[in-house]
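The residues making up each chain are set out below.
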Amino acid sequence: MNPLLLKIGFFVIVVGTGIIRYPHEKRNKANQVTTDKKKGLEQLLLFFVFLGMMILPMLYIFTNWLSFADYQLPVLWQVLGLVLIVPGLWLFYRSHYDLGRNWSVSLEIREGHNIVNSGVYKLIRHPMYLAIFLLVIAQALLLNNYVAGPAGLLFFGLLYLLRVGREEKMMIQQFGEEYVAYMKSTKRIIPYLL
């Protein structure tokens, strides 16, 4: 497959997520009550996610610095990478939309925060994580480079593993049995499975 098409697919992810997230970041800046706002581990994890999802891919696309790690995937895998962009961006949009003012890039309780259990949150407690997993898998399939391709998946996977438990603990502390009941009625990221 044409490498330019694959790079364009990656740019669709970058631009699409930026367009989806921007109005939420802008609207929610004034509505903050912090419980774990970008401290220590959280800040480090967010840096590594940015490194894996933006810096390393951009180095790969715009320089030859990572060319030593290039490889070629079968076209079918590359097509799958392009296809995953659509459900990934849709779920990213829908999870932001359904969360509304409850959304935050870091672990924090927002003023007027409530449990969102409608829309995509009716089946999945963390659909935004699932959306990002779809997008970083797409990145790995589109950027055929052992460094830039899987970097997003590796670093976002690490953030997920170290954060989701803390996030759910924070929600239980805030909402108690109401959140525990919500946890029992949903799956963490994959409906009907995980």
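This structure is a prediction, so every number in the text was calculated from the model and none was measured.

1. A look at the overall build of the chain
- Scanning the chain from terminus to terminus reveals 6 helices and 2 strands.
- Helices and strands in the chain line up, N terminus first, as α-β-α-α-β-α-α-α.
- Over its C-alpha trace the chain gives a radius of gyration of 17 Å, about what one expects of a compact globule, namely 16 Å for 194 residues.
- Principal-axis analysis of the C-alpha atoms places the extent of the chain at approximately 50 × 35 × 25 Å.

2. Overview of the layout of surface pockets
- Considering only enclosed or pocket space, the second largest pocket measures out at about 190 Å³ in volume.
- Along the wall of the second largest pocket there are 17 residues; nearest its centre are Pro3, Lys7, Tyr60, Asp70 and Asn144.
- Those elements giving two or more residues to the lining of the second largest pocket turn out to be α1 (3-28) and α2 (41-62).
- With 3 residues, the single largest contributor to the lining of the second largest pocket is α1.

3. Thoughts on the packing of α1 against helix α3 (residues 75-99)
- At a closest axis distance of 10 Å, the pairing of α1 and α3 adopts a crossing angle of 0°. The angle between α1 and α3 places the two elements in the roughly parallel class. Contacts between α1 and α3 involve Leu5, Leu6, Gly9, Val12, Ile13, Gly16, Thr17, Ile20, Arg21 and His24 on the former and, on the latter, Gln78, Leu82, Ile85, Leu89, Phe92, Tyr93, His96 and Tyr97.
- Its residues placed into classes, the contact of α1 with α3 shows 11 nonpolar, 6 polar and 1 charged.

4. Focus: the nonpolar core
- Ranked by internal contacts, the top residues of the largest apolar core, which has 43 residues, are Tyr121, Met128, Tyr129, Phe156 and Tyr160.
- Ranked by residues supplied to this core, first place goes to helix α4 (residues 127-142) with 12 residues.
- Once you skip the residues sitting within four places of it in the chain, Phe156 turns out to touch Val49, Tyr129, Ile132, Phe133 and Val136.
- Leu56, Tyr60, Ile61 and Leu143 belong to the second largest nonpolar core, which has 11 residues in total.

5. Examining the environment of Glu168
- By secondary structure assignment, the location of Glu168 is in helix α5 (residues 148-175).
- In this structure the C-alpha to C-alpha distance between Glu168 and Arg125, which are 43 residues apart in sequence, comes to 9.3 Å.
- Apart from the residues within four sequence positions on either side, Glu168 is in contact with Arg125, His126, Tyr179, Met183 and Arg188.
- Polar contacts involving the side chain of Glu168 include one to the side chain of Arg125, which spans 2.8 Å.

6. Re α2
- Counted at 1.5 Å a residue, the expected span for α2 with its 22 residues is 32 Å, and the 30 Å between its end C-alpha atoms agrees.
- Within α2, the axis deviates most sharply at Leu51, by approximately 40°.
- Among the residues of α2, Glu42, Leu45, Val49, Leu51, Gly52, Leu56, Pro57, Tyr60 and Ile61 are the ones counted as buried.

7. Considering the side chain of Thr186
- Take Thr186: it is sitting in the segment after α6 (177-185).
- There is a polar contact of 2.9 Å between the side chain of Thr186 and the backbone oxygen of Tyr182.
- For Thr186, the residues in contact, after removing those within four places along its chain, are Tyr121, Lys122, Leu123, Ile124 and Arg125.

8. A look at the confidence of the model for the chain
- For the chain, mean pLDDT is 91; residues scoring 70 or higher make up 95% of the total.
- Within the chain, α4 carries the highest mean pLDDT (98), whereas strand β1 (residues 33-36) carries the lowest (47).

Calculation rules
- Residues numbered from 1 in each chain as written.
- Predicted model: local features only at pLDDT ≥ 70, side-chain atom pairs only at ≥ 80, totals over all residues.
- Heavy atoms only, no water.
- Helix = DSSP H or I, 4+ residues; strand = E, 2+ residues; numbered from the N terminus.
- Rg over C-alpha atoms; globule rule 2.2 N^0.38 Å.
- 1 Å grid on protein atoms, 1.4 Å probe; cavity = no way out; pocket = protein on both sides within 12 Å on 5 of 7 lines; lining within 4 Å.
- Points joined across faces, edges and corners; volume = space filled by probe spheres on them.
- Axes fitted to C-alpha atoms, helices over the stretch in contact; angles between N-to-C directions.
- Parallel < 35°, antiparallel > 145°, perpendicular 65-115°, else oblique.
- Contact = heavy atoms within 4.5 Å.
- Nonpolar A, V, L, I, M, F, W, Y, C, P; charged D, E, K, R; others polar.
- Core = buried A, V, L, I, M, F, W, Y, C linked by side-chain atoms within 4.5 Å.
- Buried < 20%, exposed > 50% of the residue type's maximum accessible area, 1.4 Å probe, protein only.
- Polar contact = N/O pair within 3.5 Å; in protein donor to acceptor, adjacent residues only side chain to side chain.
- Expected span 1.5 Å × (residues − 1).
- Bend = angle between axes of the 7 residues up to and from the residue.
- pLDDT = per-residue confidence, 0-100.

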